[in-house]
Every structure is written in C-alpha cells, then in structure tokens.
Amino acid sequence: LQLRWEGLESLLLLNAHRFSPLVLYLLCTRIGDPDIDLRARIVEALADVIRPDLSGKPAPDNVRVILLDYFSGIRTRQIYGLLQILVVYPTLEESVSRLINACSYANHQLVDIVNERTKPLEIRQVAIRIIGAVGYVEAIPALDRLSARLEARMNGQRAMPFAPPSEKTEVDLLVTIRETLTSLREP
C-alpha cells in the first residue's frame, strides 16, 4: 500500500496523469483499489483530467479520450466502488459525478443499486444523489416506483399498531428520493 501511495504521488507530482495516456489508463484501472483512501485520491486525479488546469488549459485530447473510453465501459462493480468513496468522502461528489457521467450505462446500474434492498443504505442514498447530480431523467419512473413502495410500506405499518415502525433509514432514503426527483423535474 505504501508503495502504491508513493507511486501515485510521484506520478501526480509530475502531472503525468494529464499528459500521458498510459499513466492515465493505469490510474483508471485502479478505481477498484481495495484501499478507499487511495481510491479517493485516484478519483480526484482522474476528475482533474476532465477539468481545465489552473491556467485554464484542458488535458490533451489523446489523454481525455482514454479516460472517456475507459469510463464508457465500466460496469456495476466499478460504479459501486465509486459510490463507496462518497460514503467516506462526500466532498468528492462532483468528481465522482463527472466520472460516472462518462459511463453510458451508469443510469441503469445506479437504478439497480438503488433498488437492491441488500445494499447498504448509505450506498443507495449516494446512488440516488448521483442520479440527481448527473441529471439522469430516465431514472424518474424507477425513483417514483421506489418512492411509492416506501411510502406504502410506511403507511401500512402505521395502520398496524403491532408492526414495528419503519426504520429511520427508510425515511432518510425517501427524503433523498424526493429531493432528487424534485431536482430532476425542475426545468
């Protein structure tokens, strides 16, 4: 782990990720690194390639093409890894949103993660926020259905005094869904 950190910092110090397609590709393949802190630093570096540098210059086209090509092919496991970062580092939401926006399949994968009840609530909430941040309006029907299911479950439990009350976590999930739906429906 220490060697990976030292290698990453050396490459970033040289700004190699902004100018070398090979270095950038290498960093892209590490978005699944088991160390969440290292993974977060890699995501920051990758998102910097999409943004102009401090002097306003974009990364060279051949580098940006590598990044966009790589992220256009990521699947659920990599998206899940990006969402895990946001649970620990919520300030990286813009960076993760930019990267997920480059994935043409992310809308469906995020909706699948949101609807999977076995996934941790924090991951599901982050997925909902990313849907809103990227602006996946195609997810509105799926979020509406989930919202209706959660509301029905909560209302049904209120009507039955012997049933345990809804967990606060489901209420939090419903609030996040409503906020995201509002942002997606705004003109």
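Note that this is a predicted model, so its numbers are computed, not measured. (Residues numbered from 1 in each chain as written. Predicted model: local features only at pLDDT ≥ 70, side-chain atom pairs only at ≥ 80, totals over all residues. Heavy atoms only, no water.)

Okay, helix α4 (residues 36–50) next. With 15 residues, α4 extends 21 Å between its outermost C-alpha atoms, agreeing within 8% with the 21 Å of an ideal straight helix rising 1.5 Å per residue. By the burial criterion, the buried members of α4 are L38, R39, A40, I42, V43, A45, L46, A47 and V49. Where the residues of α4 are buried, they touch α1 (2–13), α2 (16–19), α3 (21–28), α5 (61–72), α6 (76–88) and α7 (93–101). (Helix = DSSP H or I, 4+ residues; strand = E, 2+ residues; numbered from the N terminus. Expected span 1.5 Å × (residues − 1). Buried < 20%, exposed > 50% of the residue type's maximum accessible area, 1.4 Å probe, protein only. Contact = heavy atoms within 4.5 Å.)

Moving on to the pattern of salt bridges. What the rule picks out here adds up to 11 salt bridges. D33 is the salt-bridge partner of R30, the closest N and O atoms lying 2.6 Å from each other. Residues R98 and E94 are paired through a salt bridge, measuring 3.0 Å at the closest nitrogen-oxygen approach. Taken together, the residues R98 and E94, both in helix α7 and 4 residues apart, mark about one turn of the helix. (Salt bridge = Lys/Arg side-chain N within 4 Å of Asp/Glu carboxyl O.)

When the pLDDT values of the chain are averaged, the result is 90; 93% of them are 70 or greater. Element-level pLDDT for the chain is lowest in helix α10 (residues 140–159), with a mean of 83, against a maximum mean of 96 in α3. (pLDDT = per-residue confidence, 0-100.)

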